[in-house]
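Remarks on the overall topology
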Amino acid sequence: MKRIVVIMIIAVMMIATACGGNSGAAGDTKTVTSKEEVKELAEAFYAPLKEADNYKMSSYFNDELISILTKDQDKMHVEYTDEEYGYDYFLFMQDGKKYVITDDRSLFEDEATYDLSADNINMMLDMGIFAYLDADIEGMSYSATMTGDSELVTTIQGESEGSKFTFTTTGKKENNEIVELISEIKSEEETYVTKYQFTYGEHVDLPEYTVPKSYDNLPHVDSPYETFGEIIEKIGEDGYLNYYFFDNQLIVIDEKDGRHYQLSSNVDQDIVDQYNELDFMSDDYEKQVNELISGIKIDDCIDFTDELLSQEDFETYIGSTISKMTDDGFEIMGYGFMEDDNTIFVSKDYMSYRVNVELPEGVDPNDEFEYDEFGDFLITGVEFDNVESPALPMS
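Residues numbered from 1 in each chain as written. Predicted model: local features only at pLDDT ≥ 70, side-chain atom pairs only at ≥ 80, totals over all residues. Heavy atoms only, no water.

1. Examining the overall build of the protein chain
A count of helices and strands for the protein chain gives nine helices and 20 strands. The dimensions of the protein chain, computed from C-alpha atoms along their principal axes, are 80 × 50 × 45 Å. Counting every position in the protein chain, which comprises 395 residues, the buried fraction comes to 43%. Sequence separation of at least 24 residues holds for 57% of the intrachain contacts in the protein chain that already meet a minimum separation of 6. As displayed, the protein chain has an accessible area near 21,200 Å², and 43% of this comes from carbon and sulfur atoms. Positive and negative charge centroids in the protein chain, built from 26 and 89 side chains respectively, lie 7 Å apart. (Helix = DSSP H or I, 4+ residues; strand = E, 2+ residues; numbered from the N terminus. Buried < 20%, exposed > 50% of the residue type's maximum accessible area, 1.4 Å probe, protein only. Contact = heavy atoms within 4.5 Å. Areas by Shrake-Rupley, 256 points an atom, 1.4 Å probe, with all protein chains shown as cover. Lys, Arg positive; Asp, Glu negative; His and termini not counted. Charge placed at Lys NZ, Arg CZ, Asp CG, Glu CD.)

Structure, rendered in structure tokens:
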């Protein structure tokens, strides 16, 4: 699954300011200059936005529309104007579980993405407004001016590393609903403007989706190894241990005598802490990992061989072209063309395969290729490569 959701973080980084409001007759103006009073006005003014549960929020950065979030109770739709920021997806709840429907209309249980999207408004207000009002930062000055019940302008000024800055945020209301929030971040060198526009009474209709293959209820078998160290010894110094940590569960994927296994063990928190403290950039990082986990005994072993394409399946593709595999639902994930080894990597149901191909006459292996150019490449061999992380841990 494509990794999701960049705009939430961008919005938080860009807004970084505060606004608020209180009440008064239409046209009346009220100005306060203490942090406490500014916070009081802000909390009252933005209360309707924090409580909103049926709205559309359009986000702009320097007048460029970046994203649109539509929330309809427990259903949401997130749209982006550019793939640089993210992609189109839907979210919903069902039977207490939280799901995301990706841009290719595949369904995934994804509590983190759902919660992030659902809390987008609170996150922006907290990080952009109330964090400054709650923090004890020396040298900051605060002011807020509210005009009637319809507009609140908040200004925060300060200095960081010798550079002065001003955060000015303007919130606007109609019929006691926030309709616009504009934040300007201005330093001595640059100015950034973030704008959010809101409409209400919106609806979200979920599209049709497909449920991806899951790997539950697979056969648990006796492990061919006693410890993870035996696997590491078999692989040798030049080999690569295919391992994953899921919280306190250590998982290794391995093949022995033509069978493919997920081997796992629940490890002590001390091991997890030591693993997290290792320097990934160290030249001997993998050696340190191997030394850390070698003595751990394997608790469980799942044989997932029968979930893979069989040798007979592989043979049906040999002599055909890559287009046959893509027509059968395989997705091209990458390629590597060298003098004696031309490989295209494909994936289906979270299992990836190495496909050896013969390059068409006149094709230079040193060129750069788009995946849709591989359709006519002749397949000479297929073999299992790896399990993709969304399939793990199998159970």
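2. Quick notes on the sheet that holds strand β1 (residues 29-32)
Reading across from one edge, β1-β8-β9-β10-β11-β12-β2-β3-β4-β5-β6-β7 is the order of the 12 strands in this open sheet, with antiparallel pairing throughout. At either end of the open sheet lies a strand with only one pairing partner, and these are β1 and β7 (107-109). Mean inter-strand twist for the sheet, computed between neighbouring axes without regard to direction, equals 15°. Pairing of strand β6 (residues 97-101) with β7, which is carried by three bridges, proceeds in the antiparallel orientation. Bridge pairing links Ile101 to Leu107 in β7. Helix α2 (residues 35-51) contacts β1, β8 (141-147), β9 (151-160), β10 (163-174), β11 (177-187) and β12 (191-200) of the sheet and is inclined by roughly 40° relative to β10. Across the sheet, helix α3 (residues 111-118) is in contact with β3 (64-72), β4 (75-80), β5 (89-94), β6 and β7; its angle to β5 comes to roughly 105°. (Pairing = 2+ DSSP bridges. Axes fitted to C-alpha atoms, helices over the stretch in contact; angles between N-to-C directions.)

3. Brief notes about unusual backbone geometry
A cis amide bond, omega -10°, links Leu392 with the succeeding residue Pro393. Along the polypeptide, Pro393 turns up in the segment after β20 (378-387). In this model, Asp63 sits at a positive phi of 70°, which is unusual for a non-glycine residue. Within the secondary structure layout, Asp63 lies in the loop between β2 (54-61) and β3.

4. Overview of helix α5 (residues 228-235)
When α5 is considered as a whole, its buried residues turn out to be Phe228, Gly229, Ile231 and Ile232. Buried residues in α5, looked at end-on, bunch into an arc of 155°, giving them a common side. Against β14 (249-256), β15 (259-266) and α7 (285-293) lie the buried residues of α5. Directly after α5, the chain includes Gly236, whose backbone phi takes a positive value near 85°. (Arc of directions from axis to C-beta.)

5. Section: the pattern of salt bridges
Across all of its chains, the model carries 11 salt bridges by this definition. In this structure, Asp303 and Arg259 form a salt bridge, with 3.0 Å as the shortest nitrogen-oxygen distance. Note that Asp303 is positioned in strand β16 (residues 300-303) and Arg259 in strand β15, a separation of 44 residues in sequence. We classify Arg259 as partly exposed; its relative accessible area is 29%. Via salt bridges that share partners, Arg259, Asp303 and Asp306 belong to a single interconnected network. (Salt bridge = Lys/Arg side-chain N within 4 Å of Asp/Glu carboxyl O.)

6. Comments concerning the packing of aromatic side chains
A ring pair, where both rings are aromatic, is described by two values, the distance of the centres and the angle of the planes. Inspection of every chain in the model, using the stated rule, returns 28 aromatic pairs. Note on Tyr335 and Phe369: the rings are 5.7 Å apart at their centroids and 90° apart in plane angle, and the pair reads as edge-to-face. In this pair, Tyr335 sits in strand β17 (residues 331-337) while Phe369 sits in the loop between β19 (351-358) and β20, placing the two residues 34 residues apart along the sequence. For Tyr335, a relative accessible area of 29% gives the class partly exposed. Owing to a relative accessible area of 12%, Phe369 belongs among the buried residues under this scheme. Here the aromatic cluster, defined as three or more aromatic residues joined through ring pairs, consists of Phe304, Phe314, Tyr317, Phe330, Tyr353 and Phe384. Above the ring of Phe45, the side-chain terminus of Lys173 is found at 4.5 Å from the ring centroid. (Phe/Tyr/Trp six-rings, centres within 6.5 Å; stacked < 30°, edge-to-face > 60°. Lys NZ or Arg CZ within 6 Å of the ring centre and 35° of its normal.)

7. Some thoughts on the sheet that holds β20
Reading across the sheet, the four strands line up as β17-β18-β19-β20 and stay open at both edges, with antiparallel pairing between neighbours. Bordering the open sheet on either side are β17 and β20, each of which pairs with just one other strand. Adjacent strand axes in the sheet meet at a mean angle of 25°, parallel and antiparallel pairs treated alike. Across six bridges, the pairing between strand β18 (residues 342-348) and β19 is antiparallel. The residue bridging Ile344 from the neighbouring strand is Val355, located in β19.

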